[in-house]
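# Analysis of the macromolecular model
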Amino acid sequence: MSDHHMPLQRRIFLYGALFISAIMVLAGLSFYMTISGAIEKQVGERALDIAETTAERQDVREAFKLPDPSIALQPIAEKIRIQTGAEYVVIGNKEGIRYSHPLEDRIGQKMVGDDNEQALLHGKAYISEATGSLGPALRGKAPIFDDAGNIIGIISVGFLKTSMTSTFLEYADSIVGIVIIAIAFGLIGSMVLARSIKKTMFGLEPAEIASMYTERSALIESVREGIIMVNKNGEITMANIAAYEVLSVPKEKQLIGQSIEDVLPNTQLPQVLHTGESQLDRPMTIQGKKTIVNRIPIRYGDEIIGAVSSFRLQSDIEGMRNELSQVRQYADALRAQTHEHNNLLYTISGLIQLNSLEEAMELIHDETEEQQSLVHFVTKRVHDPLLGGILIGLFNRARELKVKFMLDGESFLEQLPPHFEKSLFISILGNVVTNAFEAVEHLTEEQRGVRLLLSNNGNEILIEVEDSGEGLDPGIFTHLFKQRVSTKEGEDRGYGLVKVFENVQELNGQIAMETGDLGGALFIISITIGGNDND
């Protein structure tokens, strides 16, 4: 199983256990090395002390004067060996011939090890490590002097390495015990830590957390509302691009980590953190922009750990309201038509009751002819039923508003392509024509005129809408489609054209504005056939 597929809890436990085990094994080995070094040093010094003490004994010196020193020296050496626990105490003469040895058959033979020169030639006492006749040993060597100070012999006291190893092993057992106990504690600690981390992370694996983080970021950035999140200290922990735009802060500036009160002095998020009560749909001015704000506390159990604020420009909400009002206008147009037909029916009914049949027939004929010529003209020129329906609705609206609405004689629009977004196209048409109606509504009845041209030359669909109003100042041409610009009175204005611009862009079209023949504004919209498939 690879690292990435192993559950986090097991991974933390294994890494913790391995880490502690490795440290304890290294600590045990270094402890063992230190102790074995200390024991060796101690044993060497002990061997040297025994050798020097023995070399100074008067009875040892006197024994060298005897014809056979071995008889006197062997019992002395054996007694010292037994008392001190040494492996051997060997006394030799100036030539290195043994006078004493634990194994009596080796007395009289030459000493083994070839390191006696320092004592026999230079009169030095020292510790040496070499393999003697009994095996590898640590030896203390001391020269023996006569009364005149001449070197007459050597004493070698040895402790075998094998016996030292058994002493080390006694310590090693306790070291191993300590190491095992420490590792056991380490394993328990790793398990507790792994569980604690897992619990802190809500039982999620790192891959799941990474995935959730990516999804959360994508989700938050895709939302058109500005979102700011703060922790319990009121410091910003997250802000999406929409929030940067509403706050008019450049994207390079780091908001995260800053106090919300420094960024938004009139914020009420600290109040939400304090009371734990949500604040919904509250008005607030941010950088001079009117917004609608929601503030909601973030809880973990019973504790408030932060708060999130989402805000939307009031203009966006009003823009939607404006679009709804367009729909309402169409409904009003139909209502007006129904109302007008009812009035007509009452008039006809009255004429019939008064026996004025000729006038009644003439009225019916005129009305039918007008309606039929309109329907006939629209169906002949515009082959799409949905578009035809909206045009008839606009004609009726114009009639009610007493606006002369002219469908240009050159208009000719066949079926819209099947993949074409009709809803966007109809929204563009409805908004531009309604804007034109509003541009002429303050004029006298005879002066109110709006002309519409719809055509399809095979490559592109063209919409021209012209009105007889005052037209627009060339100075606002460039800003017209980018922000709220309106030449009309009242606050809820200027959204229609922003929406038109967005819809035209969505259909991969272009929009331009000129001064028309009727004296007012002329909007020219061209949409390449292929629509938004060209993306």
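In this text the structure is predicted, and so the values were computed from the model without any measurement. (Residues numbered from 1 in each chain as written. Predicted model: local features only at pLDDT ≥ 70, side-chain atom pairs only at ≥ 80, totals over all residues. Heavy atoms only, no water.)

## Focus on the overall build of the protein chain
Applied cut-off: A helix here means a DSSP run of H or I that spans at least four residues, while a strand means a run of E at least two residues long, and both kinds are numbered starting from the N terminus. Think of it in three bands: residues with accessible area under 20% of the maximum for their type are buried, residues over 50% are exposed, and the middle band is partly exposed, with areas taken using a 1.4 Å probe on protein chains only. Here, two residues are considered to be in contact whenever any of their heavy atoms come within 4.5 Å of each other. Residue exposure ignores everything except the shown protein chains as possible cover, and the areas themselves are Shrake-Rupley values with a 1.4 Å probe.
From N to C terminus, the protein chain includes 14 helices and 14 strands. Relative to its 535 residues, the protein chain shows a buried fraction of 42%. The long-range share in the protein chain, meaning contacts at least 24 apart out of those at least 6 apart in sequence, stands at 57%. Accessible surface, the protein chain as shown: approximately 30100 Å² in total, 57% of it carbon and sulfur.

## Concerning a negative patch on the surface
Rules: Without a salt bridge and with relative accessible area above 30%, a residue can belong to a patch; like charges are then joined within 9 Å and nonpolar side chains (Val, Leu, Ile, Met, Phe, Trp, Tyr) within 5 Å. By definition here, a salt bridge exists when the distance from a side-chain nitrogen of Lys or Arg to a carboxyl oxygen of Asp or Glu is within 4 Å. Residues scored as charged are limited to Lys and Arg (positive) and Asp and Glu (negative), so that His and the chain ends carry no count. Charged side chains are reduced to one point each, which is NZ for Lys, CZ for Arg, CG for Asp and CD for Glu.
A surface patch of negative charge is lined by Glu45, Asp49, Glu52 and Glu56. Relative to the helices and strands, glutamate 45 resides in helix α1 (residues 8-55). Residue classification places glutamate 45 among the partly exposed residues on the basis of a relative accessible area of 41%.

## Comments concerning the sheet that holds strand β12 (residues 460-467)
How we decide: Whether two strands pair depends on DSSP finding at least two bridges between them. For helices, the axis comes from a line fit to the C-alpha atoms of the stretch in contact; other axes are also lines fit to C-alpha atoms, and the angle between any two N-to-C directions lies between 0 and 180 degrees.
Within the open sheet, the 5 strands sit side by side as β10-β11-β12-β14-β13. Their pairing is mixed. This sheet does not close on itself; its edge strands, each paired only once, are β10 (404-407) and β13 (509-515). Neighbour-to-neighbour, the strand axes of this sheet turn through a mean angle of 15 degrees, independent of strand direction. As paired elements, strand β11 (residues 449-456) and β12 share 7 bridges and run antiparallel to each other. Bridge assignment links leucine 452 to a residue of β12, and that residue is valine 465. On top of the sheet, helix α12 (residues 385-400) reaches β10 and β11; it is set at about 155 degrees to β10, its chief contact.

## Some words on the pairing of β11
Definition in use: Crossovers are described as right-handed under a simple rule: with the strands pointing away from the observer, the path leading from the first strand over the helix to the second runs clockwise.
Burial runs high along β11: 7 of the 8 residues are buried. Pairing between β10 and β11: 4 bridges, direction parallel. Across the sheet, leucine 407 pairs through a bridge with leucine 452, a residue of β11. The parallel pair β10 and β11, bridged by helix α13 (residues 422-440), forms a crossover whose chirality is left-handed.

## Concerning a nonpolar patch on the surface
Residues Ile181, Phe185, Ile188 and Val192 make up a contiguous nonpolar surface patch of roughly 440 Å² in combined accessible area. Relative to the elements of secondary structure, isoleucine 188 occurs in helix α5 (residues 161-200).

## Digging into the pairing of strand β4 (residues 151-160)
In terms of burial, β4 is largely enclosed, as 10 of its 10 residues are buried. Bridge count between strand β1 (residues 88-93) and β4: 6 bridges; the pairing is antiparallel. When the bridges of β4 are listed, tyrosine 88 appears paired with glycine 158. Bridging between strand β3 (residues 135-145) and β4 involves 9 bridges; their strand directions are antiparallel. The partner of proline 143 across the bridge, within β4, is isoleucine 154. The loop that links β3 with its antiparallel partner β4 comprises 5 residues; one of these, glycine 149, has a positive phi angle of about 90 degrees.

## Some remarks on the sheet that holds strand β6 (residues 236-239)
The 5 strands are arranged β6-β5-β9-β8-β7 in an open sheet whose pairing can be described as antiparallel. Two strands close off the open sheet at either side, each with one partner strand: β6 and β7 (279-286). Averaged over all pairs of adjacent strands, the angle between strand axes in this sheet comes to 25 degrees, irrespective of strand direction. Taken together, the 6 bridges between strand β5 (residues 226-231) and strand β9 (residues 303-313) define a ladder with antiparallel strand orientation. In the sheet register, isoleucine 227 faces β9, and the bridge partner there is serine 310.

## Points about the packing of α12 against α13
Here is the rule we go by: Angles below 35 degrees are treated as roughly parallel, those above 145 as roughly antiparallel, those between 65 and 115 as roughly perpendicular, and all remaining angles as oblique. In this scheme, a crossing is called left-handed if the near helix is turned counterclockwise away from the far one by less than a right angle; it is called right-handed if the turn is clockwise. Classes in brief: Ala, Val, Leu, Ile, Met, Phe, Trp, Tyr, Cys and Pro nonpolar; Asp, Glu, Lys and Arg charged; the others, Gly included, polar.
For the pair α12 and α13, interaxial distance at closest approach is 11 Å and the crossing angle is 15 degrees. Judged by the angle between their axes, α12 and α13 are roughly parallel. You can see that α12 and α13 cross each other, and the crossing is right-handed. Residues Leu386, Leu387, Ile390, Leu391, Leu394, Arg397 and Ala398 of α12 form the contact with α13, whose own contacting residues are Lys422, Phe425, Ile426, Leu429, Val433, Thr434 and Phe437. Grouping the constituent residues of the contact of α12 with α13 by class yields 11 nonpolar, 1 polar and 2 charged.

## Section: the pattern of salt bridges
Any two side chains of opposite charge can pair, given that their charged atoms come close. A full pass over the atoms with the stated rule returns 11 salt bridges. For glutamate 78, the salt bridge goes to arginine 81, with nearest N and O atoms at 3.0 Å. One end of the pair, glutamate 78, and the other, arginine 81, are both in helix α3 (residues 69-84), 3 residues apart, so they sit about a helical turn from each other. By relative accessible area, which is 22% here, arginine 81 ends up partly exposed.

## Section: the packing of aromatic side chains
The test is simple: Stacked, tilted and edge-to-face are the three classes applied to pairs of Phe, Tyr and Trp rings, where Trp contributes its six-membered ring and a pair requires centres within 6.5 Å; stacked means planes under 30 degrees apart, edge-to-face means over 60, and tilted covers the rest.
Under the definition given, this model contains 3 aromatic pairs. Between the aromatic rings of phenylalanine 405 and phenylalanine 437, the centroid separation amounts to 5.5 Å while the plane-to-plane angle is 85 degrees, which identifies the pairing as edge-to-face. You can see phenylalanine 405 sitting in strand β10 and its partner phenylalanine 437 sitting in helix α13, a full 32 residues away along the chain. By the ring-pair criterion, three or more aromatic residues cluster together here, those being Phe395, Phe405 and Phe437.

## Section: the environment of glycine 393
By secondary structure assignment, the location of glycine 393 is in helix α12. Given a relative accessible area of 16%, glycine 393 falls into the buried group. In this structure, the C-alpha to C-alpha distance between glycine 393 and glycine 430, residues 37 residues apart in sequence, is 9.8 Å.

## Observations regarding the confidence of the model for the protein chain
To keep it simple, the criterion reads: Every residue gets a pLDDT, meaning the predictor's confidence in that residue, from 0 to 100.
Residues at a pLDDT of 70 or more form 88% of the protein chain, whose mean pLDDT is 80. Considering only residues more than four positions removed or in separate chains, one finds that residues 489-494, a stretch of pLDDT under 50, has 12 contacts. Every residue in residues 531-535 scores below 50 in pLDDT, and together they form 13 contacts with partners more than four places removed in sequence or on other chains.

## Regarding the nonpolar core
Here is the rule: In these notes, a set of buried Ala, Val, Leu, Ile, Met, Phe, Trp, Tyr and Cys residues joined through side-chain atoms within 4.5 Å is what counts as a nonpolar core.
Phe425 and Leu452 are the most contacted members of the largest nonpolar core, which has 44 residues in total. Ranked by residue count, the leading element in this core is α13, at 10 residues. If we ignore the near neighbours within four places in the chain, the residues touching leucine 452 are Leu391, Phe405, Met406, Leu407, Asp408, Ser411, Leu429, Val433, Ile463, Glu464 and Val465. Val60, Ile155, Phe159 and Val179 belong to the second largest nonpolar core, which has 31 residues in total.

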